[in-house]
Amino acid sequence: MKRYTKLFLAALVALLFIGTFVFLWRKSQPQPVVYTEFTPQTQDIRRTTIITGKIEPRNEVNVKPQISGIISELLKEPGQRVQQGEVIATVKVIPDMGQLSSAESRVRLADINLRQAEADYARTDQLHRQQLVSDEEHEKARQQLSQAREEKAAAVDALQVVRVGVSRSNASASSTLIRSTISGIILDIPVKVGNSVINSNTFNDGTTIATVANMQDLIFRGNIDETEVGQLHTGVPMRITIGALQDLSLDATLEYISPKATEAGGANQFEIKAAVVLASAEGSDGIVLRSGYSANAEIVLAEATQVLAVPESAITFEGDSTFVYVATGANGQETQYERRPVTTGLSDGVNIEVKSGLTTADRVRGPQIIAEEK
């Protein structure tokens, strides 16, 4: 029994030794090198850049009062459409005591002058009937009476303007009625009923009653790096993508490139503006574009149409020269390749244009395929 046990153990040790030897021998054998291969294809190559920016109305106007006072009524809300000249709010005037006193004094003085002019005219008119004064003196007295009446009316109007901001003679053009200066959409009304407002003057910009913009005339505003701005020119088409609106896309045309750079994050940036074509919106049914939406603009910096191209990973760069490895045949299990110089052109970061050195019949070597261990 012991003899059989020893024979079994010896056979097991021999088997393990032989198995280990075979495994190490197979591991030491050279594996065939396999590469991916590409066939040059005719295609369009575009080098693009993405610019982040915002959608804004071209004309955004701040409507401000022409007189200081308190907001007594708001007739519109943000989001509503308004026509040029339409009333947005009304202002109740708080009269200045100095101006009010001066206006009241002017009315009293005008009333005194009017009574005096009426008495002078009555006396002159009676003497004129008796032919004791000339026609010229009579006409002069009548003119003085007309001037006194006009001055009284003007003084009363001025007093009404100081008190309530409007007079009977110019009620339709009252400065207490805040009217929109353009037609468009009300973007914001930053005041409430009861807020004090001041008019624009030399010392301040005045209080903004409402912000109005034409939302049918939109622009894209963004910044581009100085390394790419030299490849742009006005009139270049762009594609605008608005992520917040289910990837809504619109066409646009570059119309402005800033002549001066601004520093942002340690890099020089140039502001650009592009006119958005609303008619080009894809899937825009029922979608409202709002001012301030974040958007991305894709601009084609360079383009080559219907050119021969291969993946850039197949190109070997050495100094100013470029090479590829083209399949020439097989030697046993391995494909043989020859090194061939080529002339390259535009690259989009994935594919690169080959101007000379290849045809569509060539097979170009790509990156090596790592063989799986058996």
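Structure's up top.
What counts, and at which threshold
- Residues numbered from 1 in each chain as written.
- Predicted model: local features only at pLDDT ≥ 70, side-chain atom pairs only at ≥ 80, totals over all residues.
- Heavy atoms only, no water.
- Helix = DSSP H or I, 4+ residues; strand = E, 2+ residues; numbered from the N terminus.
- Buried < 20%, exposed > 50% of the residue type's maximum accessible area, 1.4 Å probe, protein only.
- Contact = heavy atoms within 4.5 Å.
- Areas by Shrake-Rupley, 256 points an atom, 1.4 Å probe, with all protein chains shown as cover.
- Core = buried A, V, L, I, M, F, W, Y, C linked by side-chain atoms within 4.5 Å.
- Polar contact = N/O pair within 3.5 Å; in protein donor to acceptor, adjacent residues only side chain to side chain.
- 1 Å grid on protein atoms, 1.4 Å probe; cavity = no way out; pocket = protein on both sides within 12 Å on 5 of 7 lines; lining within 4 Å.
- Points joined across faces, edges and corners; volume = space filled by probe spheres on them.
- Nonpolar A, V, L, I, M, F, W, Y, C, P; charged D, E, K, R; others polar.
- Phe/Tyr/Trp six-rings, centres within 6.5 Å; stacked < 30°, edge-to-face > 60°.
- Lys NZ or Arg CZ within 6 Å of the ring centre and 35° of its normal.
- Pairing = 2+ DSSP bridges.

J.: Sorry, what's going on with the overall build of the protein here?
T.: Tallying secondary structure elements over the protein gives 4 helices and 20 strands in all. Counting only residues that meet the buried cut, the protein has 31% of its 374 residues in that class. The contacts in the protein between residues at least 6 apart in sequence include a share of 72% that link residues at least 24 apart. As presented, the protein carries roughly 23,600 Å² of accessible surface, and 50% of it is formed by carbon and sulfur atoms.

J.: I would appreciate a short explanation of the nonpolar core in the present structure.
T.: The tendency in soluble globular proteins is for nonpolar side chains to be buried as a group. In terms of nonpolar packing, the biggest core is built from 29 residues, with Ile-55, Phe-220, Met-238, Ile-240, Ile-242 and Ile-299 touching the most fellow members. Those elements that place two or more of their residues in this core are β2 (41–57), β11 (218–225), β12 (237–242), β13 (248–264), β14 (267–277) and β15 (294–311). Residues Val-82, Ala-89, Ile-186 and Ala-210 belong to the second largest nonpolar core, which totals 14 residues.

J.: When you look at the side chain of Asp-362 in this model, what are you seeing that I'm missing?
T.: Its location among the elements puts Asp-362 in the loop between β19 (351–356) and β20 (364–369). Using a relative accessible area of 13% as the deciding quantity, one classes Asp-362 as buried. One polar contact links Asp-362 to Arg-340, side chain to side chain, over a distance of 3.1 Å. From its side chain, Asp-362 meets the backbone nitrogen of Thr-359 in a polar contact 2.9 Å long. Leaving out residues up to four positions away in the same chain, Asp-362 has contacts with Phe-38, Thr-39, Pro-40, Val-326, Arg-340 and Gly-357.

J.: Please clarify how the layout of surface pockets should be interpreted in this entry.
T.: If you add up the space inside the second largest pocket, you get close to 330 Å³. Here the lining of the second largest pocket takes 3 residues from strand β8 (residues 184–188), the largest share from any one element. Grouping the amino acids of the lining of the second largest pocket by side-chain chemistry returns 10 nonpolar, 3 polar and 2 charged.

J.: It is not clear to me how the environment of Ala-244 should be interpreted in this structure. Could you clarify?
T.: The residue Ala-244 is located in the loop between β12 and β13 in this model. Looking at Ala-244, the relative accessible area reads 59%, which means it is exposed. When the C-alpha positions of Ala-244 and Ser-294 are compared, they lie 7.5 Å apart, and in sequence the two are 50 residues distant.

J.: Whenever I open this one, the packing of aromatic side chains confuses me. Can you help?
T.: By convention here, two paired aromatic rings are described through the distance between centres and the angle between planes. Enumeration according to the criterion identifies 0 aromatic pairs in this entry. Stacked on the ring of Tyr-256, the Lys or Arg Lys-273 has its end atom at 5.1 Å from the ring centre. The lysine or arginine in question, Arg-339, covers the ring of Phe-323, its NZ or CZ lying 3.8 Å from the ring centre.

J.: Looking at this model, I keep getting lost on the sheet that holds strand β6 (residues 87–92). Mind explaining?
T.: In sheet architecture, strand pairing relies on hydrogen bonds along the backbone and comes in two forms, parallel and antiparallel. Pairing in this open sheet of 4 strands is antiparallel, and the strands run β7-β6-β4-β9 from one edge to the other. Of all strands in the sheet, those bounded by a partner on one side alone are β7 (177–179) and β9 (196–197). The pairing of strand β4 (residues 69–74) with β9 spans 2 bridges and is classified as antiparallel. When the bridges of β9 are listed, Gly-69 appears paired with Val-197.

J.: Any chance you could explain the sheet that holds strand β10 (residues 210–213) here in plain terms?
T.: Strand order in the open sheet made by the 4 strands is β3-β10-β8-β5, with antiparallel pairing throughout. What marks the edges here is a single partner per strand, and that holds for β3 (60–63) and β5 (81–82). The pairing of β8 with β10 spans 3 bridges and is antiparallel. Directly across from Ile-185, in β10, lies its bridge partner Ala-213.

J.: Can you help me understand the pairing of β12 in this one?
T.: On a regular strand, each side chain points to the face opposite its neighbour's, so the side chains alternate between the two faces of the sheet. Only one face of β12 is covered, namely the one carrying Met-238, Ile-240 and Ile-242; the face carrying Pro-237, Arg-239 and Thr-241 has none of its residues buried. Across 6 bridges, β12 lies against β13 in antiparallel orientation. Bridge pairing in β13 links Arg-239 to Asp-251.

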